[in-house]
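Remarks on the overall topology
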Amino acid sequence: MIGRETPESYPRSMPFATVGGFFDGPRPIVVGHRGDPARHRDNSLAGVMAGLSIEGAVEIDVRMTADGRLVLNHDHEIDGHVIAETSWDDLMRLPDDRRPIQLEDVISIPGRLDVEVKNLPWEPGFDPDGRVALMAASRLRRGDILTSFYWPDVDRVAQSTAVATGLVLGQDGSLEDAISHAASIGHVAVFAHESTVREDLVESGETAGVRVAVWTVNDVQRARELAGMGVAAIISDDPRSLSSVLRE
């Protein structure tokens with residue numbers, strides 16, 4: 001299944017995340033969306049560090065270069081360069097303010113990472129074998145979580161490693177179905193578009209052992225409503241401001 005509206009195993013050298021580790025702390029955890037984009041460039045080292053300094057958790061996007069490097073970028077290309085078809089050395093020739101960083105650059109920073117793997121059938125470089133997800137999973141630490149809109153990749157990681165995993169759900173998806181699928185595979189969470197969330201579904205998720213997190217929420221009133229429903233985490237473009245309000 002693909003959790004959005006649009007159409008063997010790697011070495012376990014790191015201490016893997018445990019169930020619930022990412023969600024430890026006051027509920028809901030405020031998670032920086034691609035770092036701290038209200039103040040820094042998406043998926044940049046400065047942004048990730050700033051986001052982690054707020055409540056200790058950020059969401060980042062990971063893609064694979066043509067030569068097998070795991071880099072942080074939301075879109076499948078940078079300045080016209082398709083990441084899956086471009087080497088790391090060539091990406092390093094981009095202007096300073098456009099160069100991506102690698103997953104390795106942030107994995108040693110204290111905190112918790114929601115590593116969203118970008119590997120979709122309709123994008124260049126799609127890998128049906130899930131190498132991007134498995135490679136990323138082999139680098140995660142205790143407290144990190146691996147997620148994706150492409151559920152087969154997350155299923156593969158959950159079934160072959162001890163990494164904490166979660167499904168990402170788009171605004172046209174069914175949260176009820178996502179929770180059911182997550183529970184059947186062993187995913188610890190569903191990261192759902194905020195419009196799909198209801199309190200009864202959050203409760204049914206908890207009963208099934210699946211936490212419901214939401215993206216991307218910048219409106220304070222909506223964040224308070226979702227917090228009242230008991231969601232485990234709220235991803236925001238302005239995590240500092242949202243955290244300040246929710247912790248009052």
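Quick look at the structure, then. Since this is a predicted model, take the numbers as computed values, not measurements. (Residues numbered from 1 in each chain as written. Predicted model: local features only at pLDDT ≥ 70, side-chain atom pairs only at ≥ 80, totals over all residues. Heavy atoms only, no water.)

**Thoughts on the pairing of strand β9 (residues 189–193)**
In terms of residue burial, β9 counts as a mostly covered element, since 5 of its 5 residues are buried. Relative to strand β10 (residues 211–215), β9 runs parallel, the two being bridged by 5 bridges. Along β10, the bridge assignment pairs His193 with Trp215. Following the backbone out of β9, through helix α7 (residues 199–208) and into the adjacent parallel β10, one traces a crossover that is right-handed. (Buried < 20%, exposed > 50% of the residue type's maximum accessible area, 1.4 Å probe, protein only. Helix = DSSP H or I, 4+ residues; strand = E, 2+ residues; numbered from the N terminus. Pairing = 2+ DSSP bridges. Right-handed = clockwise from strand over helix to strand, strands pointing away.)

**Remarks on unusual backbone geometry**
Note on backbone geometry: most residues besides glycine have negative phi, and most peptide bonds are trans. Each neighbour pair has its own omega, and for Arg27 with Pro28 the value is -5°, a cis peptide bond. Note that Pro28 resides in the segment before β1 (29–33). Within the chain, Arg34 stands out as a residue other than glycine whose phi angle is a positive 60°. The topology assignment puts Arg34 in the loop between β1 and α1 (45–55). Even without a glycine there, the phi angle at Asn43 is positive, about 55°. Here Asn43 lies in the loop between β1 and α1. Look at Asn43 and you get buried, because its relative accessible area is 4%.

**Section: the pairing of strand β7 (residues 145–148)**
One face of the sheet, then the other: side chains in a regular strand alternate in exactly this way. With burial as the criterion, each face of β7 is covered, one bearing Ile145 and Thr147 and the other bearing Leu146 and Ser148. Bridge count between strand β6 (residues 112–117) and β7: 3 bridges; the pairing is parallel. Following the sheet pairing, Asp114 is matched in β7 by Ile145. Two elements, β7 and strand β8 (residues 165–169), share 3 bridges in a ladder whose sense is parallel. By the bridge assignment for β8, Thr147 is matched with Gly166. Viewed along the sheet, the connection from β7 through helix α5 (residues 151–160) into β8 turns out right-handed.

**As for the packing of α5 against helix α6 (residues 175–185)**
Following both chains from N to C, one finds α5 and α6 inclined at 25°, their axes separated by 10 Å at the closest point. Classified by the angle between their axes, α5 and α6 sit roughly parallel to one another. For the pair α5 and α6, contact is made by Trp151, Asp155, Ala158 and Gln159 and by Ala178, His181 and Ile185, respectively. A per-class count over the contact of α5 with α6 returns 4 nonpolar, 2 polar and 1 charged. (Axes fitted to C-alpha atoms, helices over the stretch in contact; angles between N-to-C directions. Parallel < 35°, antiparallel > 145°, perpendicular 65-115°, else oblique. Contact = heavy atoms within 4.5 Å. Nonpolar A, V, L, I, M, F, W, Y, C, P; charged D, E, K, R; others polar.)

Taken by themselves, the reported measurements are silent on function.
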